[in-house]
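# Residue-level structural notes
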Amino acid sequence: LAAEIAGVEEMVVQPSDRVLLTVGGKRFETTRRTLTAALTVAPDSLLGAMFGGRHEGRLQPDGEGRISINRSGSMFEYILDFLRDYSTGDENPEFAIHALPEKQKVAMRKELDYYGLENVVFPPVPFNIGLAAFSPGPKTLSKRWLYGVELLPDNRGVLVVGHKSTELLDVETEKFSPGPVMEEKRPNCATAMLDDGRVVVVG
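First, a word on scope: everything that follows refers to the structure included in this document.

Definitions and cut-offs
- Residues numbered from 1 in each chain as written.
- Predicted model: local features only at pLDDT ≥ 70, side-chain atom pairs only at ≥ 80, totals over all residues.
- Heavy atoms only, no water.
- Helix = DSSP H or I, 4+ residues; strand = E, 2+ residues; numbered from the N terminus.
- Buried < 20%, exposed > 50% of the residue type's maximum accessible area, 1.4 Å probe, protein only.
- Contact = heavy atoms within 4.5 Å.
- Areas by Shrake-Rupley, 256 points an atom, 1.4 Å probe, with all protein chains shown as cover.
- Lys, Arg positive; Asp, Glu negative; His and termini not counted.
- Charge placed at Lys NZ, Arg CZ, Asp CG, Glu CD.
- Pairing = 2+ DSSP bridges.
- Axes fitted to C-alpha atoms, helices over the stretch in contact; angles between N-to-C directions.
- Phe/Tyr/Trp six-rings, centres within 6.5 Å; stacked < 30°, edge-to-face > 60°.

## Details of the overall build of the protein chain
Helix and strand counts for the protein chain stand at 7 helices and 9 strands. C-alpha extents for the protein chain along the principal axes are approximately 80 × 40 × 30 Å. For the protein chain, with 203 residues in total, the buried portion stands at 32%. For the protein chain, long-range pairs separated by at least 24 residues make up 46% of all intrachain contacts whose partners lie at least 6 apart in sequence. Carbon and sulfur atoms provide 54% of the accessible area of the protein chain, an area that totals close to 13800 Å². Both charge centroids of the protein chain, one from 23 positive and one from 29 negative side chains, sit 9 Å from each other.

## A short note on the sheet that holds strand 3 (residues 66-69)
Read across the sheet, 3 strands follow the order 2-1-3 without closing on themselves; strand pairing throughout is mixed. Both outer strands of the open sheet, strand 2 (26-31) and strand 3, are each paired with one neighbouring strand and no more. Direction aside, the axes of adjacent strands within the sheet are offset by 30° on average.

## A word on the environment of V161
Tracing the sequence through the fold places V161 in strand 5 (residues 157-162). Along the chain, V161 and G197 lie 36 residues apart, while their C-alpha atoms are 16 Å from each other.

## Here's the deal with the pairing of strand 5
In terms of residue burial, strand 5 counts as a mostly covered element, since 6 of its 6 residues are buried. With 5 bridges connecting them, strand 5 and strand 6 (residues 165-170) associate as antiparallel partners. Paired with V158 across the strands is L169, a residue of strand 6. Following strand 5, the chain reverses through 2 residues before pairing antiparallel with strand 6; H163 in that reversal takes a positive phi of roughly 60°.

## Some words on the environment of F176
With respect to the helices, strands and loops of the structure, F176 is situated in strand 7 (residues 175-178). Here the alpha-carbon distance between F176 and S135, two residues 41 residues apart in the chain, equals 17 Å. When near neighbours in sequence (up to four residues on either side) are disregarded, F176 contacts P138, K139, T140, L141, V160, E167, L168 and L169.

## Topic: unusual backbone geometry
Phi is positive for E174, which is not a glycine, with a value near 55°. You can see E174 is positioned in the loop between strand 6 and strand 7.

## With respect to the sheet that holds strand 4 (residues 148-152)
Adjacent strands of a sheet pair through backbone hydrogen bonds, lying either parallel or antiparallel. Across the sheet, which stays open at both edges, the 4 strands sit in the order 4-5-6-7 with antiparallel pairing between neighbours. Of all strands in the sheet, those bounded by a partner on one side alone are strand 4 and strand 7. In this sheet, neighbouring strand axes are inclined to one another by 25° on average, regardless of whether the strands run parallel or antiparallel.

## Looking at the packing of aromatic side chains
Applying the stated criterion across every chain, the model contains 4 aromatic pairs. Arranged with centres 5.7 Å apart and planes meeting at 50°, the rings of F76 and Y115 form a pair that is tilted. Taken together, the residues F76 in helix 4 (residues 73-87) and Y115 in helix 6 (residues 102-115) connect sequence positions 39 residues apart. Here the two residues F76 and Y115 agree in accessibility, since each one is buried.

Here's what the structure looks like:
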């Protein structure tokens, strides 16, 4: 009987737990329990912050008691289904999201990132040396050996230093372009990045 009572209480939504939302013009009805389901693995999630009790006084419901979120309603439906399944202990709550076409999946990842849930639905894959593989990279403008390499800050590229010339790899286009010319030839050199973004070449 106790288990039966617990099951009924879990199934019935209590008025204090009920949450009305409008996301991108689309209406949803859910619970605080569902919206905060992933707090244990995503403590900084936006929905967890909104409905976990810390900031509910800042929310401004409309006349119907609905809280509006200016994001994609169609995407939120998948996110809400994921949280609902997650809260009930489903073994694969992210299945529907993972099954989306690749283009939609890219858009979904942006939504998940906004809500602070991307790493929950798409957990980072730990590096496994057994699965690592090399592939050919872009060719440098000239042959280089015994050279230094430095990753530039702010995604500015990769600086390759060797002998007297340097080259800069654009990480987006994957193409090399000539870099600044050094005053002396420095084969077998080493590089170091300073706090101000400048690169020191030693050798």
